[in-house]
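# Structural overview for review
Given next are the chains, with one letter for each unit.
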Amino acid sequence: MALNNALNIRCFGSQLLVTESISIKHYGVGCHGGKNGVFGGLFANFKVRSVEDESTSNSDSELQRLVDQTETKLDKKFPKDWSSLPRPLSITDSSPAWGDGSNVRISFKGVPGAYSEEAALKAYPQCETVPCDEFEDVFKAVERLLADKAVLPIENSLSGSIHRNYDLFLRHRLHIVGEVQLAVNFCLLALPGVGMEHVKRVLSHPQALAHSDSFLSKLGVIRENVDDAAGAAQLLALKKMMDAGVVAGSRAAAIYGLNVLAESIQDNSDSITRFLVLARDPIIPSTDKSFKTSIVFSLEEGPGVLFKALAVFALRNINLTKIESRPQRKQPLRVVDAFNTGTAKYFEYLFYIDFEASMAEPHVQHALGHLQEFATFLRLLGCYPIDTVQ
């Protein structure tokens, strides 16, 4: 739930002053105003901008007067019982010790039974899942407090990266707080009473069909593409297709009342999909367990520039686990800054890098400081615990 109210915040040096219309999306304690520390009330996640030419005389008293005045108005307008409102995610909620995920809402793309939902349940077994139509809706659900976290597929060990989702990291300001490695197990599903010999066509996501090519070729069936494997299972159950089957997970079979005709039909048993867990707030990294850090940056064109960028990690013995380049020449990309303001920017190339180290380690901070000296753009996407396939 987002509550809108005309409030303004400006900076007088390190002071805060209310001046600009914003949307209140967080409740409770929260706004850091330089050396003045934390302000109470509703001042969390407000847009803050610096006003260099403003006079700072009497700014303390002016600040306090306006803050008191604004909070008085808010007290009259909003209920005193904040427990009835959605509680935003906190650093504690995002801690590496995930627990069972009770009372945590997680958005994902697809319908119940999707592999993304399975990844969410692996991370948080007791979570409440929030289905979304598109990947961008997954981000928006968290930003608009409809969900606490999001689960997003980012790469498959056989098919490679999902490039569309990389671009969404720059269009939104969510932070990576975890990863989930999910071993994919494709099954052939059909309605009760339908045997293998009755299946003439098979529906599923193009990737699922491609990964099950050998099995489906032997079966000699027609393949039909749909947007989502679990969505195909849902469609099969709704339409009562007696001549069709779907390639999806066993959980989809249980949800939609289908029979599993064959299990593990994928060509490669080592197919693993990596998912990222996203949240509004970053977690606080530590050095007592294995962490991974993800960044995105851009460079000037020229000989040896990428070598120079990668050298900042090699010189400090930081192990890179992934590097992905995204050509953006002549194609503007909307980039959202820390204040959620979108600007169209042009990049020759964007480089996404994952490395095994924590931002809590000084040599990692030095590496990124070194990279920032010559990178034309640099953003930390998240620092989070490493997951392994179970």
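Scroll up to find the structure this text is about.
Thresholds applied
Residues numbered from 1 in each chain as written. Predicted model: local features only at pLDDT ≥ 70, side-chain atom pairs only at ≥ 80, totals over all residues. Heavy atoms only, no water. Helix = DSSP H or I, 4+ residues; strand = E, 2+ residues; numbered from the N terminus. Buried < 20%, exposed > 50% of the residue type's maximum accessible area, 1.4 Å probe, protein only. Contact = heavy atoms within 4.5 Å. Areas by Shrake-Rupley, 256 points an atom, 1.4 Å probe, with all protein chains shown as cover. Phe/Tyr/Trp six-rings, centres within 6.5 Å; stacked < 30°, edge-to-face > 60°. Pairing = 2+ DSSP bridges. Axes fitted to C-alpha atoms, helices over the stretch in contact; angles between N-to-C directions. Right-handed = clockwise from strand over helix to strand, strands pointing away. Left-handed = near helix turned anticlockwise from the far one by under 90°. Nonpolar A, V, L, I, M, F, W, Y, C, P; charged D, E, K, R; others polar. Core = buried A, V, L, I, M, F, W, Y, C linked by side-chain atoms within 4.5 Å. Polar contact = N/O pair within 3.5 Å; in protein donor to acceptor, adjacent residues only side chain to side chain. Parallel < 35°, antiparallel > 145°, perpendicular 65-115°, else oblique. Patch = residues over 30% accessible without salt bridge, like charges linked within 9 Å, V, L, I, M, F, W, Y side chains within 5 Å. Salt bridge = Lys/Arg side-chain N within 4 Å of Asp/Glu carboxyl O. Lys, Arg positive; Asp, Glu negative; His and termini not counted. Charge placed at Lys NZ, Arg CZ, Asp CG, Glu CD.

Time to look at the overall build of the chain. Counting secondary structure elements, the chain contains ten helices and 23 strands. When each of the 390 residues of the chain is scored for burial, the buried share is 49%. Across the chain, contacts joining residues at least 24 apart in sequence account for 73% of those joining residues at least 6 apart. Accessible surface, the chain: about 18900 Å² in total, of which carbon and sulfur atoms supply 50%.

Before going further, it helps to examine the packing of aromatic side chains. Aromatic rings considered in pairs are described by the distance between their centres and by the relative angle of their planes. Tallying each qualifying case throughout the model produces six aromatic pairs. Between the aromatic rings of Y349 and F351, the centroid separation amounts to 6.2 Å while the plane-to-plane angle is 25°, which identifies the pairing as stacked. For Y349, a relative accessible area of 30% gives the class partly exposed. These aromatic residues form a ring-pair network of at least three members: F297, Y349 and F351.

Our next topic: the sheet that holds strand 12 (residues 187–190). With respect to topology, five strands assemble into an open sheet ordered 14-13-15-12-16, the strand pairing being mixed. Edge positions in the open sheet fall to strand 14 (222–225) and strand 16 (259–262), since each of these has one partner strand only. Put simply, the sheet's adjacent strands are angled 35° from each other on average, direction ignored. Bridge count for strand 12 against strand 16 is three bridges, and the pairing is antiparallel.

On to unusual backbone geometry. Its identity is not glycine, yet L145 carries a phi of approximately 65°, on the positive side. By the secondary structure assignment, L145 is in the loop between helix 3 (135–143) and strand 9 (149–156). Notably, S264 is not glycine yet its phi reads approximately 50°, a positive angle. Position of S264 relative to the elements: it lies in the loop between strand 16 and strand 17 (272–279). For S264, a relative accessible area of 48% translates into the label partly exposed.

On to the environment of L182, then. Inspection of the secondary structure puts L182 in strand 11 (residues 175–183). Counting along the chain gives 66 residues from L182 to S116, while the straight-line C-alpha distance between them is 9.2 Å. With residues near it in sequence (within four places) discarded, L182 still touches Y115, E118, A119, K122, S271, I272, T273 and F275.

What follows covers the pairing of strand 7 (residues 105–109). Judged by how many residues are buried, strand 7 sits mostly within the fold: four of five residues are covered. In this structure, strand 7 lies alongside strand 8 (residues 128–132), joined through five bridges in parallel fashion. From the neighbouring strand, R105 faces strand 8, where its bridge partner is E128. Traced from strand 7 through helix 2 (residues 115–123) to strand 8, the parallel crossover comes out right-handed. Relative to strand 9, strand 7 runs parallel, the two sharing two bridges.

Packing of helix 3 against helix 4 (residues 163–171) brings their axes to within 10 Å, and their N-to-C directions diverge by 30°. Classified by chirality, the crossing of helix 4 by helix 3 is right-handed. Across the interface between the two elements, F135, E136 and F139 from helix 3 touch R164, N165, L168, F169 and R171 from helix 4. Of the residues belonging to the contact of helix 3 with helix 4, the class tally is four nonpolar, one polar and three charged.

Here the focus is the environment of A208. Relative to the elements of secondary structure, A208 occurs in helix 5 (residues 206–211). A208 sits in the buried class, given a relative accessible area of 2%. In this structure the C-alpha to C-alpha distance between A208 and I265, which are 57 residues apart in sequence, comes to 9.9 Å. Once residues lying within four places of it in the same chain are set aside, the contact partners of A208 are F186 and V247.

Judged by nonpolar contacts, the single largest core of 97 residues is most densely connected at F169, L258, L278, F297, F313, F355 and L371. Ranked by residues supplied to this core, first place goes to helix 7 (residues 229–239) with six residues. In this view, F313 contacts I295, I318, L320, I353, F355, A367, L368 and L371; residues no more than four positions away in its chain are not counted.

Our next topic: the side chain of K292. Take K292: it is sitting in strand 18 (residues 291–299). Side-chain polar atoms of K292 contact the side chain of E179, separated by 3.2 Å.

Running from N to C, helix 9 (residues 305–314) and helix 10 (residues 362–372) cross one another at 165°; their axes reach a closest spacing of 9 Å. By the angle between their directions, the pair helix 9 and helix 10 is classed as roughly antiparallel. As helix 9 packs across helix 10, the resulting crossing turns out to be right-handed. Where helix 9 abuts helix 10, its residues A309, V312 and F313 lie against A367, L368, H370 and L371. Residue classes in the contact of helix 9 with helix 10 are distributed as six nonpolar, one polar and no charged.

Glancing now at a negative patch on the surface. Residues D133, E134, D137 and D227 make up a contiguous surface patch of negative charge. Position of D133 relative to the elements: it lies in the loop between strand 8 and helix 3.

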